[in-house]
Amino acid sequence: MGDSRTLIMEDGQTTRASSVRASLAKRTLAHDSVTDPLRGYFASMAARTGDAIWGERTPYAPGQGWPVRVDLHLVDGLTPDEVDAWTPSACLLCSNGCGLDIAVKDGRMVGVRGRAEDRVNHGRLGPKGLYGWQGQLHDRLTSPMIRNGTDLVEASWDEAMNLITSRSKELLDTKGPLSHGFYTSGQLMLEEYYTLAVIGKAGIGTPHMDGNTRLCTATAAASLKESFGADGQPGSYADLDATEALFCFGHNVAATQTVLWSRILDRLAGSNPSPRPPRYTSRPGPGPTSPWSMGCYSN
Ligand code: SF4
C-alpha cells in the first residue's frame, strides 16, 4: 500500500510521500551514505536551496558542538569597523530567540550581527532577523492618530486620552459595562496585569477580558501538559547535536524557525552513524527509527 501521508518539502510545497519515494527510488542519488531515498532527497534539496534562506552549511557529527557561523547585515556602504557600538539584544521575530547584537552609529540602528556565543543560534540569523529591523527605520507611528471618517488624523496624547475617556463614559452611561471588552497582551508584568484587572473588572465591571495567550502560549502549554505531563518544553535545542532520530509533526521548522532548521540541515550534512531505512509508524512517541529520517509529516 502506498504511503498516503503528505510530505511538506523545504520550499513549503506539499506532495505525497509515496510519490516522492517512488520517483526517487528509480534514480541514483549522489550521496555516499544514502540508503533511504527521502533522506537523499532532503540532502540534495538542502544543497540546492539551503544557501538562500538557511545560509551556508557547517556540517557536524553527532556529539560535536554546532559550529559557529556569524551572520551580519549592515546598511549599504558601512563596514563593521565603522560601527560605534554593538548593543546586545535578541531577535523577537519568531519564538526561536536568536541572540543578536545591534549595530549603532550616530545614535541610530544601522544593522545586526548574530552573537557567536549565544546558545540558541551560535551566531546565525535567518532572513527575518537579518533584514526585519529595517522596517523600524521608516513609517513608524510616533503620535496618536484619531479616525475621522476614512482619514486618520494626527493628535496629541491629551486629545487621544480625552477621547477614550469621554467615549467610554458615554458607553457606560447608555449601554452599561458589557459595552467594554479588553484584549490584552501576553507580555505584561504582574503589576500591570493586576492594574488592568482592577480597571476592567473592579472599575468598569466587564467580564469581557481575554489575553492573546489563549491563541499561543496557553494552547502550547495545554498541549504539552496533555502530551508530556508538564507544561515545560521537554527538550533542548542542544539535543539536536546528539540525537540520532528526529521527527517533526505539524510544525514546518524550515519556514517558521529558519535558524533551528539550519542546525538540523548541518546535522544532516555531517557524518551520521550507520544509516538504516526509516520504519514509519502511526504510533505516537518513541519507536523504531532510523538515524535522521528527515522530513515533516502531517496527515
Ligand atoms: S530564527 Fe530568524 S526570526 Fe527566529 S529568532 Fe532567529 S533570526 Fe529571528
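Calculation rules
- Residues numbered from 1 in each chain as written.
- Predicted model: local features only at pLDDT ≥ 70, side-chain atom pairs only at ≥ 80, totals over all residues.
- Helix = DSSP H or I, 4+ residues; strand = E, 2+ residues; numbered from the N terminus.
- Buried ≥ 20, exposed ≤ 12 C-beta atoms within 10 Å, placed from the backbone.
- Contact = placed C-beta atoms within 7 Å.
- Near = placed C-beta within 6 Å.
- Nonpolar A, V, L, I, M, F, W, Y, C, P; charged D, E, K, R; others polar.
- Expected span 1.5 Å × (residues − 1).
- Pairing = 2+ DSSP bridges.
- Axes fitted to C-alpha atoms, helices over the stretch in contact; angles between N-to-C directions.
- Core = buried A, V, L, I, M, F, W, Y, C linked by C-beta atoms within 7 Å.
- Domains from an automatic or database assignment.
- pLDDT = per-residue confidence, 0-100.

Enquirer: Which parts of the structure should I look at to understand the overall build of the protein chain?
Expert: When its secondary structure is counted, the protein chain shows 8 helices and 12 strands. Within the span of the protein chain, comprising 299 residues, buried residues form 19% of the whole. For the protein chain, restricting intrachain contacts to residue pairs at least 6 apart in sequence, the fraction spanning at least 24 positions comes to 54%.

Enquirer: Honestly, the site of the ligand in this entry has me stumped. Any pointers?
Expert: Near the ligand there are 14 residues, and of these C91, C94, C98, G126 and G129 occur at the shortest range. At the level of secondary structure, the elements contributing two or more residues to the shell around the ligand comprise α3 (127-131) and α8 (258-269). Classifying every residue of the shell around the ligand by side-chain character gives 6 nonpolar, 7 polar and 1 charged.

Enquirer: Which parts of the structure should I look at to understand the environment of G107?
Expert: You can see G107 is positioned in the loop between β5 (99-105) and β6 (108-114). For the pair G107 and D84, spaced 23 residues apart in the sequence, the C-alpha separation amounts to 8.6 Å.

Enquirer: Sorry if this is basic, but what is going on with α8 here?
Expert: Within an α-helix, residues lying three or four positions from one another point in the same direction, as the helix has 3.6 residues per turn. Over its 12 residues, α8 runs 16 Å from end to end, which matches the ideal 16 Å to within 8%, given 1.5 Å per residue. Counting buried positions along α8 gives 10 out of 12 residues, so the element sits mostly inside the fold. Listed in full, the buried residues belonging to α8 are T258, V259, L260, W261, S262, R263, I264, L265, D266 and R267.

Enquirer: Quick question: what am I supposed to make of the sheet that holds β6 here?
Expert: In a beta sheet, neighbouring strands pair by backbone hydrogen bonds and run either parallel or antiparallel. Ordered in space as β3-β6-β5-β4, the 4 strands form an open sheet in which the pairing is antiparallel. Looking along the sheet, the strands with just one partner apiece sit at the ends: β3 (72-74) and β4 (85-90). On average, each strand axis in the sheet is tilted by 25° relative to the strand beside it, whichever way the strands run. Bridge count for β4 against β5 is 6 bridges, and the pairing is antiparallel. Note that in β5 the partner of P88 across the bridge is D101.

Enquirer: What should I look at first to understand the nonpolar core in this one?
Expert: Buried together is how nonpolar side chains tend to be arranged in soluble globular proteins. Within the largest apolar cluster, 15 residues are counted, with the highest numbers of intra-cluster contacts made by C98, L100, V112, L125 and W261. Looking at this core, the elements with two or more residues in it are β5 and α8. In terms of residue count, α8 provides more of this core than any other element does, 5 residues in total. Two domains each provide a minimum of three residues to this core, namely domain 1 (6-62 + 243-298) and domain 2 (72-137).

Enquirer: What exactly am I supposed to notice about helix α4 (residues 157-175) here?
Expert: Spanning 19 residues, α4 covers 26 Å between terminal C-alpha atoms, matching the ideal 27 Å at 1.5 Å per step. α4 sits mainly on the outside: 0 of its 19 residues count as buried.

Enquirer: Before we go on, may I ask you to explain the pairing of strand β8 (residues 151-154) in this structure?
Expert: Looking along a regular strand, one sees side chains alternate from face to face of the sheet. Pairing between strand β7 (residues 145-148) and β8: 4 bridges, direction antiparallel. When the sheet's bridge partners are listed, M145 is paired in β8 with E154. The antiparallel pairing of β7 with β8 creates a hairpin that spans 2 residues between the two strands, and G149 there sits at a positive phi of about 65°.

Enquirer: So what exactly am I meant to see when it comes to the confidence of the model for the protein chain here?
Expert: The predicted coordinates of low-pLDDT regions are not to be read in fine detail. Summarising the model, the protein chain shows a mean pLDDT of 78, and 74% of its residues fall at 70 or more. Confidence drops under pLDDT 50 across residues 1-49; counting only partners more than four residues distant or on other chains, this segment forms 73 contacts. Scored below 50 in pLDDT, residues 280-299 shows 45 contacts in the model against residues more than four places distant or in partner chains.

Enquirer: How do you make sense of unusual backbone geometry when you look at a structure like this?
Expert: Most of the time, phi is negative for any residue but glycine, and the peptide bond is trans. A positive phi angle, near 55°, is found at D106, a position not held by glycine. Position of D106 among the secondary structure elements: in the loop between β5 and β6. Using a count of 6 C-beta atoms within 10 Å as the deciding quantity, one classes D106 as exposed. Here H122, not a glycine, exhibits a phi torsion of approximately 50°, which is positive. Since 24 C-beta atoms lie within 10 Å of it, H122 is described here as buried.

Enquirer: It is not clear to me how the environment of S89 should be interpreted in this structure. Could you clarify?
Expert: With respect to the helices and strands, the residue S89 is situated in strand β4. Counting along the chain gives 23 residues from S89 to V112, while the straight-line C-alpha distance between them is 9.5 Å. If we skip the residues at most four places from it in the chain, S89 touches L100, D101 and I102.

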